[in-house]
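Tertiary structure, described
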Amino acid sequence: MMKKILQRIILGMVLLLGFVALANLNTQSVQASNKVKDGTYVGTSKGEGGTLKVAVTIKDKKITDIKTVESHETKGLGSEASEQLRAAIVAHNSVNVDAVSGASKSSEGYLDAVKSAVKKSGAPLSMFMSKKKIALSKGLKKSHYTYDVVVIGGGGAGLSAAVTAAENGAKVAVLEKQPNVGGNTAVSGGEFNVPGSDIQKRKGIKDSKAKFVSDTLKGGDNIADPALVNTLADNALGAYKWLKSDVGVRFHKNELLQFGGVSVPRAVVPVGGTGNEIVQKLLTKAKKLGVKVYTSTKATALIKPADRITGVTATNTGKTVTFDAKKGVVDAAGGFAANVAMRVQYNPKYDATYKTTAVAGSQGDGIVMAQKVGAQLVDMKQIQTYPTSNPETGIISYVADSRFSGAILVNQAGKRFVNESGRRDDISNAIMAQPGHYAYLVWGQEVEKLGKTTKTYKKEFKTLKSDKLLYEKKSIKGLAKSFDIDSKTLVDTVDTFNGYVKAKKDPDFAKSAAFTPIKKGKFYIEKVAPSTHHTMGGIKINTSAQAINTNGQIIPGLYAAGEVTGGIHGTNRLGGNAICDIIVYGRIAGKNVTKD
Ligand code: ADP
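How each quantity is defined
- Residues numbered from 1 in each chain as written.
- Predicted model: local features only at pLDDT ≥ 70, side-chain atom pairs only at ≥ 80, totals over all residues.
- Heavy atoms only, no water.
- Helix = DSSP H or I, 4+ residues; strand = E, 2+ residues; numbered from the N terminus.
- Buried < 20%, exposed > 50% of the residue type's maximum accessible area, 1.4 Å probe, protein only.
- Contact = heavy atoms within 4.5 Å.
- Lys, Arg positive; Asp, Glu negative; His and termini not counted.
- Charge placed at Lys NZ, Arg CZ, Asp CG, Glu CD.
- Phe/Tyr/Trp six-rings, centres within 6.5 Å; stacked < 30°, edge-to-face > 60°.
- Lys NZ or Arg CZ within 6 Å of the ring centre and 35° of its normal.
- Axes fitted to C-alpha atoms, helices over the stretch in contact; angles between N-to-C directions.
- Parallel < 35°, antiparallel > 145°, perpendicular 65-115°, else oblique.
- Left-handed = near helix turned anticlockwise from the far one by under 90°.
- Nonpolar A, V, L, I, M, F, W, Y, C, P; charged D, E, K, R; others polar.
- Core = buried A, V, L, I, M, F, W, Y, C linked by side-chain atoms within 4.5 Å.
- Salt bridge = Lys/Arg side-chain N within 4 Å of Asp/Glu carboxyl O.
- Near = heavy atom within 4 Å.
- Polar contact = N/O pair within 3.5 Å; in protein donor to acceptor, adjacent residues only side chain to side chain.
- Pairing = 2+ DSSP bridges.

Quick word on the overall build of the protein
Scanning the protein from N- to C-terminus turns up 18 helices and 23 strands. Taken over the C-alpha atoms alone, the protein extends approximately 85 × 70 × 55 Å along its principal axes. When the 596 residues of the protein are sorted by exposure, 55% land in the buried category. Across the protein, the fraction of contacts at a sequence separation of at least 24, relative to all contacts at a separation of at least 6, is 72%. Taking the average place of the 84 positive charges on the side chains of the protein and the average place of its 50 negative ones, the gap between the two points comes to 7 Å.

Next up, the structure:
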């Protein structure tokens, strides 16, 4: 009996010690995982051909992208292997991945380089090591598929086109080169300009299609195609209703944003404050309708045996695959804001000194492919920057949306220099003209109460603070000290501005909206800089979303929608008009392609 009691006591102690050890281990890993800072880290290793360097982007504890910076691997096998590994690592958020058969040395080198980059983030490698080794996708079984409609690109435009084509009875494939769909749509704020929305009506805001058209044309310096803009205005409300009722996208019931250059609060906001809500609901709907989504499948060429586009050539795990499109192809491969060489080719101003808000897939593939089959390109030099991006990563800052609720911009001297409710391009140019090419946004609780950006984007807010790009202080003086700004000047600037708010008139920069005082603490100061954001130029289309060739005629079988197209936004796309564009023209392309 005594022996049994002793055994139980010993067992109990062992278990207790085990729990303590486990608890310690858990705390350690939580502490370690808290150390993971969003950022891009470069890692190096020895590949088969020499030094191999990769840049790994980590966001929200996930590996979101890997770019090869330097490689001397045998072309083909080396780069194909690394592409397969990259896709697997990103898709599974794990570096515990099988080597590519026939390229084991290259694979090892690549995985080592990624691991070395991960270590630099301060994260324990174990965070990115799945228990089970990830087997590489064997790729597509066949080298030839046939559909009614093939859509290139799984962003908002492509998915809208795919869903609409499927709703009209077509058998549809979406080709997406990344391991996941979403593109820039998913990382955007998802705001959608809808003239005449239910929310505007509830709030008593008077708006009209005509106002939408005139804002859009004027905002783009009147070089956009009025027919395309009119079609946008005519279909915006219907597209919003479709997203809500058919697709199931949830929008905030009482929130409306008024972006620079827009005459009234017009933008509805999806729940969650990003376009991911739209993408995920479109994806679910697409799958329900039987749309086949091929990820890690990169379209490389449009097939045009004679006059008509009959399909797409693509690559998947290094193999060439052909997708026949009986009715037609919708090119929705997005813009080229992340392609420095292409930016410079069309507008030398936007060289590598600009970071970008765009996802890595925005390389202009869809524009280049269409041009090769004779498409006419328009407005290619019109590249938009987003004025208030993270100055270190280039990524768009949503906390900085405080600007729309009245935050002011000051330079290093603590002085205002621009109308904060003006157009994106004007604000970006004004920031680029300041010493250091950056600025600070300043706001207090009155703005915060309206925009709630530090709460809505809590994660970003926390990261900005830990990266020392944003400070929260009790006084304006405290804000000034945080960034070594002369405190008297900043206090004067804020006082003067508060006087303008009272008078609802800004004699210095003619601020036109969001007159909100900056009197109540806590106050915030955030460092921001412009990044390339949206490329307004692209494939010329007509109001039926048909691609137009260099002779002004349609290219039979080829439709285009979204950022891959040009002519809708002129020199400058207004905030809230991109989502409008991709859903409206995605639907038009998706419907018309089924009629062919
Ligand atoms: P839009 O807003 O016009 O829908 P997005 O940037 O949201 O544009 O989406 C475009 C999508 O197209 C991205 O997911 C991108 O990865 C994808 N894409 C770009 N080039 C290709 C290509 N060659 N093949 C397949 N997908 C592509």
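With respect to the packing of aromatic side chains
Counted under the stated rule, the structure contains 15 aromatic pairs. With centroids separated by 4.8 Å and ring planes inclined at 75°, the aromatic side chains of Phe259 and Phe404 adopt a geometry described as edge-to-face. One end of the pair, Phe259, is in the loop between strand S7 (251-257) and strand S8 (267-270); the other, Phe404, is in the loop between strand S15 (383-389) and strand S16 (408-410), with 145 residues separating them in the sequence. We classify Phe259 as buried; its relative accessible area is 4%. A centroid spacing of 5.7 Å and a plane angle of 70° characterise the contact between Tyr438 and Tyr440, whose relative ring orientation is edge-to-face. Judged on exposure class, the residue Tyr438 and its partner Tyr440 are both buried. Taken together, the ring pairs in this structure connect Tyr145, Tyr147, Tyr294 and Phe323 into an aromatic cluster. Lying across the ring of Tyr294, Lys292 places its NZ or CZ 5.0 Å from the centre. Note that Lys527 overlies the ring of Tyr438, its terminal NZ or CZ placed 4.2 Å from the centroid.

Overview of the packing of helix H7 (residues 209-219) against helix H8 (residues 226-247)
Packing of H7 against H8 brings their axes to within 9 Å, and their N-to-C directions diverge by 140°. Taken together, the axes of H7 and H8 are oblique relative to one another. Crossing hand, H7 versus H8: right-handed. Mapping the contact onto sequence places Lys209, Phe212, Val213, Thr216 and Leu217 in H7 and Pro226, Val229, Asn230, Leu232, Ala233 and Asp234 in H8. Of the residues belonging to the contact of H7 with H8, the class tally is 7 nonpolar, 2 polar and 2 charged.

Overview of the nonpolar core
Counting residues in hydrophobic clusters, the biggest one holds 96 residues, and the most contacted among them are Phe192, Leu243, Leu302, Phe323 and Tyr585. It is H8 that provides the largest number of residues to this core, a total of 10 residues. Val269, Phe404, Leu464 and Leu470 belong to the second largest nonpolar core, which has 30 residues in total.

Re the pattern of salt bridges
In total, this model carries 21 salt bridges according to the counting rule given. Note that Arg266 is salt-bridged to Asp215, the shortest N-O span being 3.0 Å. On the criterion of sequence distance, the pair formed by Arg266 in the loop between S7 and S8 and Asp215 in helix H7 is long-range, its members being 51 residues apart. Both residues of the pair, Arg266 and Asp215, count as buried. Arg416 is the partner of Asp506 in a salt bridge, and the nearest nitrogen-oxygen pair spans 2.9 Å. Of this pair, Asp506 sits in the loop between helix H17 (487-503) and strand S19 (523-535) while Arg416 sits in the loop between S16 and helix H12 (424-432), and the two are 90 residues apart along the sequence. In this structure Asp506 comes out as buried when scored by relative accessible area, which is 4%. Note on Arg416: relative accessible area 10%, which makes it buried. Connected through shared salt-bridge partners, Asp65, Lys67, Glu83 and Arg86 make up one network.

Quick notes on the site of the ligand
Around the ligand, a shell composed of 26 residues is seen, among which Glu176, Thr185, Ala299, Asp365 and Glu563 lie nearest. Contacts to the ligand include Ala157, whose backbone N or O atom sits 2.9 Å from an oxygen atom. Between an oxygen atom of the ligand and a main-chain N or O atom of Gly183, the distance comes to 3.4 Å. Those elements giving two or more residues to the shell around the ligand turn out to be helix H4 (156-167), helix H5 (183-187), strand S10 (297-303) and helix H11 (365-372).

Points about the sheet that holds strand S1 (residues 39-46)
Spatial strand order, S1-S2-S3: 3 strands in an open sheet with antiparallel pairing. The two strands at the open ends of the sheet, each matched to only one other strand, are S1 and strand S3 (62-70). Averaged over all neighbouring strand pairs, the angle between strand axes comes to 25°, with direction disregarded. Pairing of S1 with strand S2 (residues 51-59), which is carried by 8 bridges, proceeds in the antiparallel orientation. Residue pairing for S2: Gly39 is matched across the bridge by Ile58.

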